[in-house]
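Observations on chain architecture
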Amino acid sequence: MADITQESANKMFGGWQKVFSHDSKELKCKMKFGVYIPPQAESGPVPIVYWLSGLTCTEQNFVTKAGAQQYAAKHGFLVVAPDTSPRGCNIEGEEDGWDFGTGAGFYVDATEEKWKLNYRMCSYVTKELPQIIAANFKVDSDKSAIMGHSMGGHGALICALKNPGQYKSVSAFAPICNPINCPWGVKAFTGYLGESNKEAWKEYDACELIKKYNGPPLEILVDQGKADNFLTQGQLLPDNLVSACAASGVPVVMRMQEDYDHSYFFMATFMEDHFNHHAKFLN
Ligand SMILES: N[C@@H](CCC(=O)N[C@@H](CS)C(=O)NCC(=O)O)C(=O)O
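Residues numbered from 1 in each chain as written. Predicted model: local features only at pLDDT ≥ 70, side-chain atom pairs only at ≥ 80, totals over all residues. Heavy atoms only, no water.

On to helix α4 (residues 151–162). Under the 1.5 Å per step criterion, the end-to-end length of α4 is 16 Å for 12 residues, consistent within 8% with the ideal 16 Å. Burial analysis of α4 places 11 of its 12 residues in the buried class, the great majority of the element. Restricting attention to buried positions, one finds in α4 the residues Met151, Gly152, Gly153, His154, Gly155, Ala156, Leu157, Ile158, Cys159, Ala160 and Leu161. (Helix = DSSP H or I, 4+ residues; strand = E, 2+ residues; numbered from the N terminus. Expected span 1.5 Å × (residues − 1). Buried < 20%, exposed > 50% of the residue type's maximum accessible area, 1.4 Å probe, protein only.)

Next up, the structure:
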């Protein structure tokens, strides 16, 4: 294995849940990521599913709480779960809040002076990490999918929309659908991309990117809990995604789930459906 260090390994559903660390060239710091290696990887290259987590998460939240490994084992998918931001870069203000800086990279490549050296999560997820996975695991990179939760749901949508063809399918749980119009997104984009450059903001907004998407057909699956406190606070704006998809002819299945909240309990409940969705395009 080149350039990555195994931090942990646990046998699970016939495969292995592992965590690796490495020195990221994009982020210029040490990063960790989780990899579930399904039993099928012993006999040949397998498809890859990338998972992007939400605010405050590390690579651990998905690994320990989503219950996804059983479905990855069933379908034979390698599942990669990176951290949500650079860590320990000693940038002034990095640790001041839970919705900006550490744990809140927002999957953008920052352009503001203070952040632009390290906060390059878009390039990390779509370029550096896929290269590392291809170099170190028995995978078929042409068969990649991406999914995520909340800030990571936003990340999954924009990664798929900005890189036509790189991901065969995309899905999300409670994604931040329209960050340029919600408080979390406005705070993050102001900080990372600058207050005045609204055109740059649009390059990281799923509702804006859908308007100009011109790649292979994408069928988006979204689950959203109706009892999600961040839905009521206007952070997620799923209706805006449905409208943007309708206007652009991009198919989206938006499932509003009665009584479910924003947590991993909600996601674990519907995780199997998301893996079945990706299996339609990866197998
Ligand atoms: N910072 C708030 C909320 C943060 C939050 O809900 N984060 C979501 C993603 S937006 C999450 O996945 N948290 C970690 C977990 O539930 O394991 C808190 O800690 O109460």
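A word on the sheet that holds strand β3 (residues 29–37). Neighbouring strands of a sheet are bound in pairs by backbone hydrogen bonds; such pairs are parallel or else antiparallel. Read from one edge of the open sheet, nine strands run β1-β2-β3-β5-β4-β6-β7-β8-β9, paired in mixed fashion. Bordering the open sheet on either side are β1 (5–12) and β9 (252–257), each of which pairs with just one other strand. Strand-to-strand twist in this sheet, taken as the mean axis angle between neighbours without regard to direction, amounts to 20°. Relative to β3, strand β2 (residues 15–24) is paired through nine bridges, and the arrangement is antiparallel. (Pairing = 2+ DSSP bridges. Axes fitted to C-alpha atoms, helices over the stretch in contact; angles between N-to-C directions.)

Within the fold, Ser21 resides in strand β2. Ser21 sits in the buried class, given a relative accessible area of 3%. In terms of polar contacts, Ser21 uses its side chain to reach the side chain of Glu7, at 2.5 Å. Setting aside residues up to four positions removed in sequence, Ser21 forms contacts with Asp3, Ile4, Thr5, Glu7, Lys30, Met31 and Lys32. (Polar contact = N/O pair within 3.5 Å; in protein donor to acceptor, adjacent residues only side chain to side chain. Contact = heavy atoms within 4.5 Å.)

For the rest of this paragraph, the subject is the site of the ligand. Close to the ligand lie Gly54, Leu55, Thr56, Cys57, Asn61, Lys65, Trp98, His149, Ser150, Phe230, His262 and Tyr264, which account for all nearby residues. Asn61 has a polar side-chain atom sitting 2.8 Å from an oxygen atom of the ligand. A distance of 2.6 Å separates an oxygen atom of the ligand from a polar side-chain atom of Lys65. Protein burial of the ligand: of its 500 Å² of free accessible surface, 68% is covered by the chains. For the shell around the ligand, the class distribution of residues is five nonpolar, six polar and one charged. (Near = heavy atom within 4 Å. Areas by Shrake-Rupley, 256 points an atom, 1.4 Å probe, with all protein chains shown as cover. Nonpolar A, V, L, I, M, F, W, Y, C, P; charged D, E, K, R; others polar.)

Any two side chains of opposite charge can pair, on the condition that their charged atoms come close. Taken as a whole and assessed by the stated rule, the structure comprises 14 salt bridges. A salt bridge links Lys116 to Glu113, with the shortest nitrogen-to-oxygen separation between them at 3.1 Å. For Lys211, the salt bridge goes to Glu208, with nearest N and O atoms at 3.3 Å. On the criterion of helical spacing, the pair formed by Lys211 and Glu208 is a turn pair, its members being three residues apart in helix α7 (residues 206–211). You can call Glu208 buried: its relative accessible area is 18%. Through salt bridges with shared partners, a single ionic network connects Glu26, Asp109 and Arg120. (Salt bridge = Lys/Arg side-chain N within 4 Å of Asp/Glu carboxyl O.)

Below, the discussion takes up the environment of Ser43. As for its placement among the helices and strands, Ser43 is situated in the loop between β3 and β4 (46–52). Between the C-alpha atoms of Ser43 and Leu236, which are 193 residues apart in sequence, the distance is 41 Å.

A separate point is the nonpolar core. Of all hydrophobic cores here, the largest spans 96 residues; its most connected members are Phe33 and Met271. Counting residues per element, this core draws most heavily on helix α10 (residues 264–282), which supplies eight residues. When sequence neighbours within four positions are dropped, the list of residues in contact with Met271 reads Trp51, Phe62, Ala66, Ala68, Tyr71, Met147 and Phe173. (Core = buried A, V, L, I, M, F, W, Y, C linked by side-chain atoms within 4.5 Å.)

Buried within helix α9 (residues 238–248) we find Pro238, Leu241, Ala244 and Cys245. For α9, the angular spread of buried residues about the axis comes to 120°, placing them on one side. More than 90 degrees from the buried face of α9, the exposed residues found are Asp239, Ala246 and Ala247. Against α4, α7, β8 (220–225), α8 (229–232) and β9 lie the buried residues of α9. (Arc of directions from axis to C-beta.)

Moving on, we get to the packing of aromatic side chains. According to the stated counting rule, one finds 20 aromatic pairs in the structure shown. Consider the rings of Trp98 and Trp184, whose centres lie 6.0 Å apart with planes at 85°: the pair is edge-to-face. In this pair, Trp98 sits in the loop between β5 (78–82) and α3 (121–136) while Trp184 sits in helix α5 (residues 183–193), placing the two residues 86 residues apart along the sequence. In this structure Trp98 comes out as partly exposed when scored by relative accessible area, which is 44%. Through pairs of rings, three or more aromatic residues link up here, namely Trp51, Phe62, Phe173, Tyr260, Phe266 and Phe270. One Lys or Arg, Lys198, reaches over the ring of Trp201 and ends 4.8 Å from the middle of that ring. (Phe/Tyr/Trp six-rings, centres within 6.5 Å; stacked < 30°, edge-to-face > 60°. Lys NZ or Arg CZ within 6 Å of the ring centre and 35° of its normal.)

Looking now at the UniProt feature "active site" (unreviewed entry) in the protein. In the numbering used here, UniProt assigns the feature "active site" (unreviewed entry) to Ser150, Asp228 and His262. Spanning 113 residues, the named residues nonetheless gather at one spot, since no C-alpha pair among them exceeds 10.8 Å. Inspection of the secondary structure assignment puts Asp228 in the loop between β8 and α8. By relative accessible area, which is 1% here, Asp228 ends up buried. (UniProt positions renumbered as here; feature names shortened; annotations may be inferred.)

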